[in-house]
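Each chain is listed here by its residues.
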Amino acid sequence: MKRYLILSLLTLIYIPIFAQSNFPSPQDSYVSTTPDNAGFPLISQGKAVPIYISSEDFKGVQEVAQWFQADLKRVSGDLPQLNIGKKPPKTNRLVIAGTLGHNAVIDKLVKSGRIDVSKLKDQWEHFLIQTVKKPSSGVDEALVIVGSDKRGTIYGMLDISEKMGVSPWYWWADVPAKQHQDIYITKGFSDAPKVKYRGIFINDEAPALSGWAHENFGSFNHKFYGHVFELILRMKGNYLWPAMWGRSIYDDDSLSAPLANKLGVVIGMSHHEPLMRAHIEWKRYGNGPWDYSKNKDTLQKFWRDGMERMGDNESIVTIAMRGDGDEPMSEESNIQLLETIVQDQRAIIEEVTGKPAKETPQLWALYKEVQDYYDKGMRVPDDVTLLLCDDNWGNIRKLPALSDSSRSGGYGIYYHYDYVGGPRNYKWLNTNQISRTWEQMNLAYNYNADRIWIVNVGDIKPMEFPISFFLDYAWDPTLPASELPSYTKNWAAEQFGKKYQEGIAHILEKYTKYNSRRKPELLSPETYNIENGEFEKVVKDYNELVQQADSINGLLPDEYKAAYFQLVLYPVKASANLNELYYTVALNHYYAEQGRITTDSLIHEVKALFDKDQLLADQYHQLLGGKWNHIMNQTHIGYTNWYEPKENILPETKSISSTEKPEMGVALQGETSWWPKSNSIAELSPFNSFNKNQKYYIEIFNRGKTPFDFSLSSDHPWVKISNSKGTIHHQKRIWISINWEELKENGNSTAIINVTGANEVVSINVTAFRPHEKELEGFIEENGTISIEADSYSKAINTEGITWTTIPNLGRTSSSVSAMPVTKAITSPGGDSPHLEYDIHLFEKGEIKLTAYFSPTLAFHNHGRKYAISIDDQQPKIINMHENENGYTWSQAVSNNVRKIETSLQIGEKGKHTIKFWLVDPGVVLQKIVVNTSKDSKENYLGPSETKSTK
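Every chain's residues receive numbers from 1 upward, in the order its sequence appears when written. Given that the model is predicted, a residue must reach a pLDDT of at least 70 before its local features are reported, and side-chain atom pairs must reach 80 or more before they are shown or counted; all residues, however, enter totals for whole chains, interfaces and linings. With hydrogens and water excluded, all non-hydrogen atoms of the structure serve as input to the side-chain values.

As annotated in an unreviewed UniProt entry, the chain is Glycosyl hydrolase 115 family protein from Fulvivirga sediminis.

This is the structure in structure tokens:
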């Protein structure tokens, strides 16, 4: 009899439980759209299963159950019955969702052993999903969603919603739900977060978000925040720093904070707003200076009122103090005073809450100069979370050492996707590569900064994609770098379906890479090299993305087009247009210096591109009957210092006066001079036989209004000219290349091209090089330069438990490489210690300049990050990448989004050599290596393109 009972009980739990990554591929999901006899039919033939929630459960769980009910209707078209009461209804199948200790049916199943919650008890935000036969009288089968706490239950319901086709961005980006006739739960599932508090900071929210919110809600009130709270929970976040530019979540609407508490969203105030008081409240109600040494009693009352108003709302209380308006404290401030402030604030916390201070979650943000106080010895009690910060540009400033003693309050990270401050505001569009977020937050997690992760997201829109990644990765920071492309594809599929996920993912990866090279607000006509075609290629690459995005837009079903415009099409088109605007201004300036007749026509093009920027924003604002009006109001053109202009400013252009008679000018690719004005020798960059697709252009232009005939000829037949004669009205580009079948000689061969027109002759020297060596290995020197992308290594030496890892798409031009795990260092590089090898071929011996391009990582352990470089078997030269770091070098590194370190090395003989890049300190992220043998190598913003390799 006992054996029979055991077997019977086992059959009651017939779906095994799996712990699943937060980044599953679609085929690994526990939710299927294919009917499965062994699965639970949540939706069958368009009919959704009813839901039961105990009336004893949290009010927030009951409200989110209504979201879940609506989600089932979005997917199936059928609104299931939602039952909130003490007993479940009698029905064939039922969804039972509830929190341990707050749902009698679930508690009975636990007590009888039919649900194993041993891993849930006393855990933080853990949820379990499984099917149970006959869970209660009159119910044949139930899908049971169990939460260890309120948010655990909420996440369980919303996890199903997301996996069956309801995007967290269904409201904030108008992503339509994927409709299905059948949804089956094919296996049990259990999950929990690895970072305790995961949230966003709405900041710098004027003029865009503020204009939109006031038009739609009247203010930043509970109606606005209701949508924010829902978004956070759907992305499995739990924490919010509310909008604070002249706003207070508590003071502006008394219903906002209670709504957050009901739903389970933890409210905090930003890094400089202590004891739950928004900064604006001091302006509204404060009296006297924001100076504790002079106004102690007033400040204490101000803070005490904030704690009393907080009441029992779940919160994290910011402690300590910065200067008024998020500025540094006065020079007279000292560590002793700050420690006194913290001591007094904690006394207020204890007095108001009636509990020891350690029972109220608190944080101290080591933001900007506050970190200096910590480094000089200031300390706070162990239960306070130390919120470490980035530099406002996505580079973490400080991390705990593995040897540091553990704190009960732990460590957290305050990160930025948006910033107002130097060297330049960046607020308009998404410029954040998820690969960089992954790399920096992977550092944070591995160095035990896992208590709080919060990111400044500006206006929320248009940061949808990186916000999703930040909160997903905070839930489960075990995603390997190799899976980043899959994450992007899966995210694209979640928003737009699988059919176009590859193309959309490609666009997301590329436009964020292109935008990360230089924040839009930092762009200028001088950013990229105009003479050698770099700027032209940047614009061409952007416009190719526009074509790809337009092509997909034409294929998408109409219901996806509003979401697609917001998440893909607008940011790509707007970014491409802005780059083309500055490129056209650069051309105008360049042509004006040469007196080209086309100079003035570019003035009209500049104005058209400037107007197009506003037309694109208008198109955004008119979507869906004006739902998102104002959301793209952020100015971004015409910066003259770090702070934004009040309105976009048309860039300055130049006009010239031209003569009636024709006058020929000749410009060469890569040269600032033009001929016949210049007295220097006109010479194209050298050609070489191992790069047979090489070509350079000559531009013939008119400086006058009357057309003229031109001709080009060469004294050697191996010079190929794309167009040898014609008429110049304005200008014409002629391509020059080499016919290597004609040119057989080794070494340097020279030729002359004569350009004739308007009674002028310009002679241009051509050099073509065919090496004497029969066999070339590795990356081959080209015009004194070798350029190698970091992931193009010849060999990776992985030893001592360390692996060289490619971080896909990270960097300005390709992918980056870093050593993993990020917690292992090498004190003495050399021999078979971990290193990368890059084979090269040089045509001359002597001194070379090797420039390593790095992501702008900071010295997060108070000493500069080190690496080592060597050639062949030479002793590795250890280099501190932060040596002589100062405000200017930091500003250049973050503005350019790269740190470049130059090293001189000696080469004893020409031919094949091997560059070796050695691990010393972890956290160093290599993007590119450039070797220069010539002192007059011309510099591009992005560095030279990768040179030819024999492999």
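There's more to say after this.
Glancing now at the overall build of the chain. Secondary structure elements are defined from DSSP: runs of H or I of at least 4 residues count as helices, runs of E of at least 2 residues count as strands, and each element is numbered from the N terminus. Counting its secondary structure elements, the chain contains 20 helices and 42 strands. Computation of the radius of gyration draws on C-alpha atoms, with the globule rule given as 2.2 Å multiplied by the number of residues to the power 0.38. Taken against the 2.2 N^0.38 rule, which gives 30 Å for 951 residues, the C-alpha radius of gyration of the chain at 32 Å falls within 12% of a compact globule. Along the three orthogonal principal directions, the C-alpha set of the chain runs to about 100 × 75 × 65 Å. Looking at the chain residue by residue over its 951 residues, the buried ones come to 61%. Long-range pairs, those at least 24 residues apart, make up 76% of the contacts in the chain between residues at least 6 apart in sequence. Of the roughly 37100 Å² of accessible surface on the chain, a fraction of 47% belongs to carbon and sulfur atoms. Here the chain carries 102 positive and 117 negative side-chain charges, and the mean point of each set is 5 Å from the other. Buried residues are those whose accessible area, probed at 1.4 Å on protein chains only, stays under 20% of the maximum for their type, while exposed residues exceed 50% and partly exposed ones sit between those limits. The criterion used for residue contact is that any of the two residues' heavy atoms lie within 4.5 Å. For the area figures, the Shrake-Rupley method with a 1.4 Å probe applies, and any residue is considered shielded solely by the protein chains shown. Asp and Glu are treated as the negative residues and Lys and Arg as the positive ones, with His and the ends of the chain left uncounted. Note on charges: their place is set at NZ of Lys, CZ of Arg, CG of Asp or CD of Glu.

For helix α8 (residues 256–263), the full list of buried residues reads Ser-256, Ala-257, Leu-259, Ala-260 and Leu-263. What you see down the axis of α8 is that its buried residues fit within an arc of 160°, all on one side. Buried positions along α8 lie against α2 (59–76), α4 (150–164), α6 (222–234), α7 (249–252) and β14 (266–268). Gly-264 sits one or two positions beyond α8 and adopts a positive phi of about 95°. Note that the arc is defined by the directions from the helix axis to the C-beta atoms.

At least two bridges found by DSSP between two strands is the condition for calling them paired. The strand order around the closed barrel built from eight strands is β12-β13-β14-β15-β16-β17-β18-β19, with neighbouring strands paired in parallel fashion. If you compare each strand with its neighbour and ignore which way they point, the axes differ by 25° on average. As judged from the four bridges shared by strand β17 (residues 385–389) and strand β18 (residues 411–416), these two strands associate in the parallel manner. For Leu-387, the partnering residue across the bridge sits in β18 and is Gly-412. Axes here mean lines fitted to C-alpha atoms, for a helix over just the part in contact, with angles spanning 0 to 180 degrees between N-to-C directions. In the packing of helix α13 (residues 434–446) onto the sheet, the strands contacted are β18 and β19 (452–458), and the crossing angle to β18 comes to about 165°.

Look at α13 against helix α15 (residues 484–496): their axes get within 10 Å of each other, and the N-to-C directions meet at 130°. Taken together, the axis directions place α13 and α15 in an arrangement best described as oblique. Seen from above, α13 lies across α15 with right-handed handedness. Contact with α13, carried on its side by Ile-434, Ser-435 and Trp-438, involves Leu-484, Tyr-487 and Thr-488 of α15 and no other residues of that element. Residue polarity is assigned by list, with Asp, Glu, Lys and Arg as charged and Ala, Val, Leu, Ile, Met, Phe, Trp, Tyr, Cys and Pro as nonpolar; anything else, Gly included, falls into the polar class. Along the lines of polarity and charge, the residues of the contact of α13 with α15 split into four nonpolar, two polar and no charged. Roughly parallel means an angle under 35 degrees; roughly antiparallel means over 145; roughly perpendicular covers 65 to 115; every other angle is labelled oblique. We call a crossing left-handed when the near helix sits turned anticlockwise from the far one by less than a right angle, and right-handed when that turn is clockwise.

Further remarks concern the pairing of strand β7 (residues 91–99). Two strands pair when backbone bridges link them, and strand β5 (residues 51–54) and β7 are joined in this way by three bridges, in the parallel orientation. Along β7, the bridge assignment pairs Ile-51 with Val-95. Pairing between β7 and strand β9 (residues 139–147): eight bridges, direction parallel. Among the inter-strand pairings, Gly-98 is bridged to a residue of β9, identified as Val-146.

Moving on to the packing of aromatic side chains. Pairing of aromatic rings covers Phe, Tyr and Trp, the last counted by its six-membered ring, and requires centre-to-centre distances within 6.5 Å; plane angles under 30 degrees mean stacked, over 60 mean edge-to-face, and any other angle means tilted. In this structure the tally under the stated criterion is 62 aromatic pairs. Here Phe-469 and Tyr-487 contribute two aromatic rings whose centre-to-centre distance is 5.1 Å and whose plane-to-plane angle is 80°, an arrangement assigned as edge-to-face. Residue Phe-469 is located in helix α14 (residues 464–475), and its partner Tyr-487 is located in helix α15; the two are separated by 18 residues in the primary sequence. For the pair Phe-469 and Tyr-487, one class covers both residues: buried. Taking 5.4 Å as the distance between ring centres and 20° as the angle between the ring planes, the aromatic pair formed by Tyr-867 and Phe-917 counts as stacked. Of this pair, Tyr-867 sits in strand β38 (residues 866–871) while Phe-917 sits in strand β41 (residues 911–919), and the two are 50 residues apart along the sequence. Here Tyr-867 falls in the buried class, since its relative accessible area comes to 1%. Through pairs of rings, three or more aromatic residues link up here, namely Trp-171, Trp-172, Trp-212, Phe-217, Phe-220, Phe-224, Tyr-225, Phe-229 and Trp-628. A ring has a charge above it when a Lys NZ or an Arg CZ is no more than 6 Å from the ring centre and no more than 35 degrees off the ring normal. Sitting above the plane of the Tyr-426 ring, Lys-519 keeps its charged end 4.1 Å from the centroid. If you follow Arg-865 out to its NZ or CZ, it ends over the ring of Phe-860, 4.3 Å from the centre.

On to unusual backbone geometry, then. The step from Ala-206 to Pro-207 runs through a cis peptide bond, and the omega angle for that step is 10°. Considering the arrangement of structural elements, one finds Pro-207 in the loop between β12 (197–202) and α5 (208–217). At the junction of Lys-461 and Pro-462, the peptide bond is cis and its omega measures out at 10° in the coordinates. Positionally, Pro-462 belongs in the loop between β19 and α14.

Another aspect to go through is the nonpolar core. Counting residues in hydrophobic clusters, the biggest one holds 192 residues, and the most contacted among them are Phe-224 and Trp-364. Counting residues per element, this core draws most heavily on helix α18 (residues 561–594), which supplies 19 residues. Residues grouped as a nonpolar core are buried Ala, Val, Leu, Ile, Met, Phe, Trp, Tyr and Cys residues, joined through side-chain atoms within 4.5 Å. Listed in part, the 32 residues of the second largest apolar core include Ile-786, Ile-788, Ile-840 and Tyr-867.

A few words now on the side chain of Glu-644. Summarising the element assignment, Glu-644 is placed in the loop between α19 (599–621) and β20 (664–668). Glu-644 gets classed as buried once you look at its relative accessible area, which sits at 13%. Reaching out from Glu-644, the side chain makes a polar contact with the side chain of Asn-425 at a distance of 3.3 Å. Any pair of nitrogen or oxygen atoms within 3.5 Å is treated as a polar contact; in protein, a donor-acceptor pairing is required on top of that, and neighbouring residues in sequence qualify only through side-chain atoms on both sides.

The working definition used for a salt bridge is a side-chain nitrogen of Lys or Arg within 4 Å of a carboxyl oxygen of Asp or Glu. Scanning the model with the defined rule gives 46 salt bridges in all. With its nearest N and O atoms 3.6 Å apart, the salt bridge here joins Asp-476 to Lys-194. Of this pair, Asp-476 sits in the loop between α14 and α15 while Lys-194 sits in the loop between β11 (188–191) and β12, and the two are 282 residues apart along the sequence. Between Lys-928 and Glu-789 there is a salt bridge, with its nearest N and O atoms 3.2 Å apart. In this pair, Lys-928 is assigned in strand β42 (residues 926–932) and Glu-789 in strand β32 (residues 785–789), connecting sequence segments 139 residues apart. The residues Lys-928 and Glu-789 share a single accessibility class, namely buried. Through salt bridges with shared partners, a single network forms among Asp-71, Arg-74, Glu-230 and Arg-234.

Before going further, it helps to spend a moment on the pairing of strand β28 (residues 731–738). In this structure, strand β24 (residues 696–702) lies alongside β28, joined through six bridges in antiparallel fashion. Within β28, the position partnered with Tyr-696 by the bridge is Ile-736. Here three bridges tie strand β26 (residues 719–721) to β28, and the two strands are oriented antiparallel to one another. In the sheet register, Ile-721 faces β28, and the bridge partner there is Ile-736.

Fitting axes to the seven residues that end at a residue and to the seven that start at it, the angle between those axes gives the bend at that residue. Within α18, the axis deviates most sharply at Leu-569, by approximately 45°, and proline Pro-571 lies no more than four positions further along. Counting buried residues in α18 gives 30 out of 34 residues, a clear majority hidden from the surface. Gly-595 sits one or two positions beyond α18 and adopts a positive phi of about 70°.

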